[in-house]
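This is what each chain is made of:
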Amino acid sequence: MKFFIDTANLDQIRQALALGILDGVTTNPTLMAKEGIKGEENIRKHYLAICELVGKNVSAEVISTDFDGMTNEAKRLSALHPAIIVKIPMTTEGVKALKWCSDNNIKTNCTLVFSAGQAIVAAKAGANYVSPFIGRIDDSNWDGIQLIEQIVHIFRNYDFRTQVLAASIRNPLHIVRCAEAGADVCTCPLESILGLLKHPMTDIGLERFLADYRKSQQS
Ligand code: G3P
């Protein structure tokens, strides 16, 4: 399973990169706004900075809602850096844009996916990634992990090459459950990635090993 970080914060990206296990970055307009990135030129510069840091798999989202706008943005974003994957929402116009991008060798990530039906359509349109939002599904009293299992199962039935990118991750257990379900990628906040490393018995065990080492050196 590939690990992406779901942030536009350069410092958090650097921290995840330093672990040596990061495969990419996903952003969205909310995450860009959170970093205070305003204006087309600054947004382009920020995407470039992320691409230069990570070098691969950087999702950059379109903000147009019509086919012409989305495909124009897709052309501009993909020309910015080879690492860019254009994030396109699951709408009627979005599906047309996904197909156009697939026909024109522009990599895409279909975002805002909340059902298996939407995932099938995105795969048929040639999306490289499909992003089910599992945390938001859990928030609405449905089971996000079950949706990942369902999509993975369907894609395997038909050998779809679209990768399942579990998004809207809220905790380390979500990541483990996505791995069990066979997600190809998990895009996670930094805290959830770091949370995977933690276990109280590791800390207790390490403390004891070091105490025993210190004692052995005194005698
Ligand atoms: O990047 C899309 C997705 O991961 C958003 O997550 O936490 O806003 O539901 P969240």
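Residues numbered from 1 in each chain as written. Predicted model: local features only at pLDDT ≥ 70, side-chain atom pairs only at ≥ 80, totals over all residues. Heavy atoms only, no water.

1. Topic: unusual backbone geometry
Of all residues except glycine, most have a negative phi; of all peptide bonds, most are trans.
No. 1: Located in the positive-phi region is asparagine 57, a residue other than glycine, with phi close to 50°.
No. 2: The phi dihedral of asparagine 105 is positive, around 55°, even though this residue is not glycine.
No. 3: Take asparagine 105: it is sitting in the loop between helix H5 (92-103) and strand E5 (108-113).
No. 4: On the basis of relative accessibility, which here comes to 73%, the residue asparagine 105 falls in the exposed class. (Helix = DSSP H or I, 4+ residues; strand = E, 2+ residues; numbered from the N terminus. Buried < 20%, exposed > 50% of the residue type's maximum accessible area, 1.4 Å probe, protein only.)

2. Focus on the site of the ligand
No. 1: Around the ligand, the surrounding shell consists of Asp6, Asn28, Lys87, Phe133, Arg136, Ala167, Ser168 and Arg170.
No. 2: Within the contact set of the ligand, an oxygen atom lies 2.5 Å away from a side-chain nitrogen or oxygen of aspartate 6.
No. 3: A distance of 3.2 Å separates an oxygen atom of the ligand from a polar atom in the side chain of lysine 87.
No. 4: For the ligand, whose free accessible area comes to 310 Å², the fraction covered by protein is 81%. (Near = heavy atom within 4 Å. Polar contact = N/O pair within 3.5 Å; in protein donor to acceptor, adjacent residues only side chain to side chain. Areas by Shrake-Rupley, 256 points an atom, 1.4 Å probe, with all protein chains shown as cover.)

3. Details of the nonpolar core
No. 1: If you look at the biggest cluster of nonpolar residues, it comprises 60 residues, and the most contacted ones within it are Ile84, Ile148 and Cys178.
No. 2: At 7 residues, helix H8 (residues 144-158) tops the list of elements feeding residues into this core.
No. 3: Apart from the residues within four sequence positions on either side, isoleucine 84 is in contact with Tyr47, Cys51, Val58, Ala60, Leu77, Ser78 and Lys107.
No. 4: One finds Phe133, Leu165, Ala167 and Val185 within the second-largest nonpolar core, a separate group that totals 7 residues. (Core = buried A, V, L, I, M, F, W, Y, C linked by side-chain atoms within 4.5 Å. Contact = heavy atoms within 4.5 Å.)

4. What about the pairing of strand E1 (residues 2-6)?
Two faces belong to every sheet, and in a regular strand the side chains alternate between them.
No. 1: Most of E1 is tucked away, with 4 of its 5 residues classed as buried.
No. 2: In this sheet, strand E8 (residues 185-188) lies alongside E1 in parallel orientation, the contact comprising 4 bridges. Note on E8: the bridge partner recorded for lysine 2 is valine 185.
No. 3: Relative to strand E2 (residues 24-26), E1 runs parallel, the two sharing 3 bridges. Paired with aspartate 6 across the bridge in E2 is threonine 26.
No. 4: The handedness of the E1 to E2 crossover, carried by helix H1 (residues 10-19), is right-handed. (Pairing = 2+ DSSP bridges. Right-handed = clockwise from strand over helix to strand, strands pointing away.)

5. Quick word on the packing of aromatic side chains
No. 1: Summed over the entire model, instances satisfying the criterion amount to 4 aromatic pairs.
No. 2: Members of the aromatic cluster, each reached through a chain of ring pairs, are Phe155, Tyr158 and Phe160. (Phe/Tyr/Trp six-rings, centres within 6.5 Å; stacked < 30°, edge-to-face > 60°.)

6. Focus on the pattern of salt bridges
Opposite charge on two side chains permits pairing when their charged atoms draw close.
No. 1: Inspection of every chain in the model, using the stated rule, returns 7 salt bridges.
No. 2: Between arginine 170 and aspartate 139 there is a salt bridge whose closest N-O contact spans 2.6 Å. With a gap of 31 residues between them, arginine 170 in the loop between strand E7 (163-166) and helix H9 (172-181) and aspartate 139 in helix H7 (residues 134-139) connect regions that are remote in the sequence. (Salt bridge = Lys/Arg side-chain N within 4 Å of Asp/Glu carboxyl O.)

7. Some thoughts on the sheet that holds E5
No. 1: Around the barrel, which closes on itself, the 8 strands sit in the order E1-E2-E3-E4-E5-E6-E7-E8 with parallel pairing between neighbours. Direction aside, the axes of adjacent strands within the sheet are offset by 30° on average.
No. 2: Pairing of strand E4 (residues 84-89) with E5 involves 4 bridges; the strand directions are parallel. Opposite isoleucine 88, over in E5, you have cysteine 110 as the bridge partner. (Axes fitted to C-alpha atoms, helices over the stretch in contact; angles between N-to-C directions.)

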